[in-house]
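If you want the building blocks of each chain, they are given just below.
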Amino acid sequence: MPCWYSEIPLFTATSRHYVDRLFDPDPQNVLQGVIDMKNAVIGNNRQKANLIVLGAVPRYQSSSSLELRTECAVVLGSLAMGTENNIKSLVDCHIIPALLQGLLCSDLIFIEACLRCLRTVFISPVTPVQLLYTDPTVIPHLMSLLSRSQHTQEYITQIFAHCCKTPEHQTVLFNHGAIQNIAPLLISPSFKVRMQALKCFSVLAYENAQVSMTLVNVLVDGEQLSQVFARMMQRDKPIEMQLTAAKCLTYMCRAGAIRTDDNCIVLKTLPCLVRMCSKERLLEERVEGAETLAYLMEPDIELQRIASVTDHLVSMLADYFKYPSSVSAITDIKRLDHDLKHAHELRQAAFKLYASLGSNDEDIRKKPILESGVIELLCSLTQSDSPALRVNGIWALMNMAFQADQKVKVEIVRALGTEQLFRLLSDPDTNVLMKTLGLLRNLLSTRPHIDQVMSSHGKQIMQAVTLILEGEHSIEVKEQTLCILANIADGNTAKELIMTNDDMLQKIKYYMGHSNVKLQLAATFCISNLIRNEEDGSQERQDKLRDMGFVDILHKLTQASDPNLCDRAKTAMQQYLA
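About the cut-offs
- Residues numbered from 1 in each chain as written.
- Predicted model: local features only at pLDDT ≥ 70, side-chain atom pairs only at ≥ 80, totals over all residues.
- Heavy atoms only, no water.
- Buried < 20%, exposed > 50% of the residue type's maximum accessible area, 1.4 Å probe, protein only.
- Helix = DSSP H or I, 4+ residues; strand = E, 2+ residues; numbered from the N terminus.
- Arc of directions from axis to C-beta.
- Polar contact = N/O pair within 3.5 Å; in protein donor to acceptor, adjacent residues only side chain to side chain.
- Phe/Tyr/Trp six-rings, centres within 6.5 Å; stacked < 30°, edge-to-face > 60°.
- Lys NZ or Arg CZ within 6 Å of the ring centre and 35° of its normal.
- Core = buried A, V, L, I, M, F, W, Y, C linked by side-chain atoms within 4.5 Å.
- Contact = heavy atoms within 4.5 Å.
- Salt bridge = Lys/Arg side-chain N within 4 Å of Asp/Glu carboxyl O.
- Axes fitted to C-alpha atoms, helices over the stretch in contact; angles between N-to-C directions.
- Left-handed = near helix turned anticlockwise from the far one by under 90°.
- Nonpolar A, V, L, I, M, F, W, Y, C, P; charged D, E, K, R; others polar.
- Expected span 1.5 Å × (residues − 1).
- Bend = angle between axes of the 7 residues up to and from the residue.
- Parallel < 35°, antiparallel > 145°, perpendicular 65-115°, else oblique.

The name given to the protein chain in an unreviewed UniProt entry is Armadillo repeat-containing protein 8, and the organism recorded there is Cyprinus carpio.

So this is what it looks like as structure tokens:
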């Protein structure tokens, strides 16, 4: 039962009186009752719930005269603007089919009242959008009603924008002429109509090549649609319009309908999205702007380069992690409370954008990283009480360290600090531990980097590796740790930290004989790096490991059933035979 049933004892005599008047035999009394009820429910959610529970909705649906039906549709629209429980109750009363049936009437005022209510019901998150597509005659009829008035245009496009959730929905709307019917609305004298038409195109074009390729050839009043969108991104336009137009062009670009070097992308869309990331914008606008910008430039290095030098984007993103600051510019307490609850969405958006900016180009990565001070911010996130923030912070650092130059790696180690690094290596959250091991593995790549890091922090790293290999950890954690050990074994001088540690060598030996193939592979790879020929001291290392029984184990592994393990053991044995 909906929770508002608990309020039944609180019904007033007035509520009962309104419903009783709906059953009066005199049509004029019924009409006046509905009009009085319409005025009574405005802004009164409890009254709305009372009337629904007392059975007003079925009576509305059985009304006959056009005037009465119109007033009923208006009241239903008002009831729909109550709580989510009200919406659920209306849907359960089959209000949607009744209102859709009402659209077959020729009277415009009645049609608009039905559409207004349908719009309110469909934009609610509790309404199943599939109800719009159940009857195949509904979509074409709605298309035919677009020309009736600005109100029908506004309500219908808003319904489409909210109910287009899947590729199948996109196809239905596309096949019934959505593009041809909605495109002219982009130059409507009504801002609300233009805005809802624009939102329609953003949901239709998202990851849809067919729609995007069609849109690029559409003319509106003799002008290409892409130019109409570009004009809507001008600074003097409302922010909502700028952002939605930028999304339309972004989706068309990602679908291959517009080149990434087209002026409408490079000179209009990208700068617009960067503007949306500034701290002057509302939280939702910043989140949407950053996520859309990340999506736009993700596959394109040149767009990443341009974005990295546009309007201090990198430093703007750094603010995402500080928001809201202790001295916030937000004076509206409700707004501040809302933003505090949703600040994590800003951080997530910033992570996406950082990842996109530095995904393909090392020069750009050095510029998000070193010039912006973001390393310090990410390192501070790893100290958060929230496991999700610790994971995201260390994950971002891990990505930044991947194939980075020595300067970046040194800055990460300096900013994080060895104490915090090793605290993270004992984090109770497995995701944090795995990402920290990933960071350490990326820091310990390429021989000069391996040797430099191990010369400064080798003792602590070897202690951490020992603790993990001895502890009760998952196969994945231990495999990652053995891979770190294999990287250390690849260093020129760092490998001696393993060779002089007999306890560590015994652990490698143990994991070479483990029942899990992944651990055997990682441990065998470690030995391969230690015994590699043509390196200083290789003969002495080979002799010591032979005396410890490693050759016998390698020989057994050459007969392993797993082909990868067998090949790796044979490769290692060849070092002894060379």
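Let us keep going from here.
> Mind laying out helix H19 (residues 301-308), listing which residues take part and the relevant values?
Each α-helix winds once per 3.6 residues, and so residues spaced three or four apart point in a common direction. Of the residues making up H19, those classed as buried are Leu303, Gln304, Ala307 and Ser308. An end-on view of H19 places all buried positions within 135° of arc, on one side of the element. Two or three places before glutamate 302, at the start of H19, stands the capping residue aspartate 300, its side-chain oxygen 3.2 Å from that residue's backbone nitrogen.

> Go over the packing of aromatic side chains, please, and point to the residues and values.
Going through the model one piece at a time under the given rule, you end up with five aromatic pairs. On the numbers, 5.9 Å between centres and 40° between planes, the contact of tyrosine 206 with tyrosine 295 is tilted. Separated by 89 residues along the polypeptide, tyrosine 206 in the loop between helix H13 (191-205) and helix H14 (209-215) and tyrosine 295 in helix H18 (residues 283-297) bring together distant segments of the chain. Residue classification places tyrosine 295 among the buried positions, given a relative accessible area of 18%. Clustering of aromatic rings is evident, with ring pairs tying together Tyr206, Tyr251 and Tyr295. Above the plane of the ring of tyrosine 295 lies arginine 254, whose end atom (NZ or CZ) is 4.3 Å from the centre. Between lysine 435 and the ring centre of tryptophan 395, over which it is positioned, the NZ or CZ distance is 4.6 Å.

> Give me the lowdown on the nonpolar core, citing residues and values where you can.
Phe229, Leu485 and Ile498 are the most contacted members of the largest nonpolar core, which has 182 residues in total. With ten residues, helix H16 (residues 239-254) is the single largest residue contributor to this core. Beyond its immediate stretch of four places on either side in the chain, leucine 485 contacts Met462, Val465, Leu469, Ile498, Met504, Ile508 and Cys526.

> I'd love a proper account of unusual backbone geometry, names of residues and values included.
Not every positive phi belongs to a glycine, and histidine 94 is a case in point at roughly 60°. Tracing the backbone through its elements, the reader meets histidine 94 in the loop between helix H6 (84-92) and helix H7 (95-102). For glutamate 207, which is not glycine, the phi dihedral falls at a positive 50°. Checked against the element boundaries, glutamate 207 lands in the loop between H13 and H14. Judged by relative accessible area, which is 54%, glutamate 207 ranks as exposed.

> Now, about the pattern of salt bridges: what can you tell me, with residues and values included?
Summed over the entire model, instances satisfying the criterion amount to 24 salt bridges. With a closest N to O distance of 2.7 Å, glutamate 240 and lysine 199 form a salt bridge. Here glutamate 240, found in helix H16, pairs with lysine 199, found in helix H13; they are 41 residues apart in sequence, far enough to count as distant. A relative accessible area of 25% places lysine 199 in the partly exposed class.

> Can you explain the environment of leucine 346? Please cite residues and give values.
Tracing the backbone shows leucine 346 in helix H21 (residues 333-357). Residue leucine 346 is classed as buried on the basis of its relative accessible area of 0%. The spatial distance from the C-alpha of leucine 346 to the C-alpha of valine 287 is 5.4 Å, given a sequence separation of 59 residues.

> Describe the packing of helix H17 (residues 263-276) against H18, listing the residues and the values that go with them.
Packing of H17 against H18 leaves a shortest axis separation of 7 Å and a crossing angle of 145°. The handedness of the crossing between H17 and H18 is left-handed. For the pair formed by H17 and H18, the contact residues are Ile265, Thr269, Leu270, Leu273, Val274 and Met276 on the first element and Glu285, Arg286, Gly289, Thr292, Leu293 and Leu296 on the second. When grouped by side-chain class, the residues that make up the contact of H17 with H18 number seven nonpolar, three polar and two charged.

> Residues and numbers for H17, please.
Taking 1.5 Å as the rise per residue, H17 with 14 residues should run 20 Å; its terminal C-alpha atoms sit 19 Å apart, in good agreement. The principal kink in H17, of about 30°, is found at threonine 269, preceding the proline proline 271 by one to four residues. Of all 14 residues that make up H17, eleven are buried, and the element is covered over most of its length. Turning to H17, its buried residues number three or more, namely Cys264, Ile265, Val266, Thr269, Leu270, Pro271, Cys272, Leu273, Val274, Arg275 and Met276. Backbone nitrogen of cysteine 264 and a side-chain oxygen of the N-cap are separated by 2.8 Å at the start of H17; the cap is aspartate 262.

> Report on the environment of leucine 296, specifying residues and quantitative values.
Secondary-structure assignment places leucine 296 in helix H18. Sequence separation between leucine 296 and cysteine 253 is 43 residues; the distance between their C-alpha atoms is 7.5 Å.

> Mind laying out the packing of H17 against H19, listing which residues take part and the relevant values?
H19 packs onto H17 with a crossing angle of 50° between their chain directions and a minimal axis gap of 11 Å. As judged from the angle between their axes, H17 and H19 are oblique. Where H17 crosses over H19, the handedness of that crossing is right-handed. Where H17 abuts H19, its residues Ile265, Val266 and Leu270 lie against Leu303, Ile306 and Ala307. Looking at the contact of H17 with H19, its residues break down into six nonpolar, no polar and no charged.

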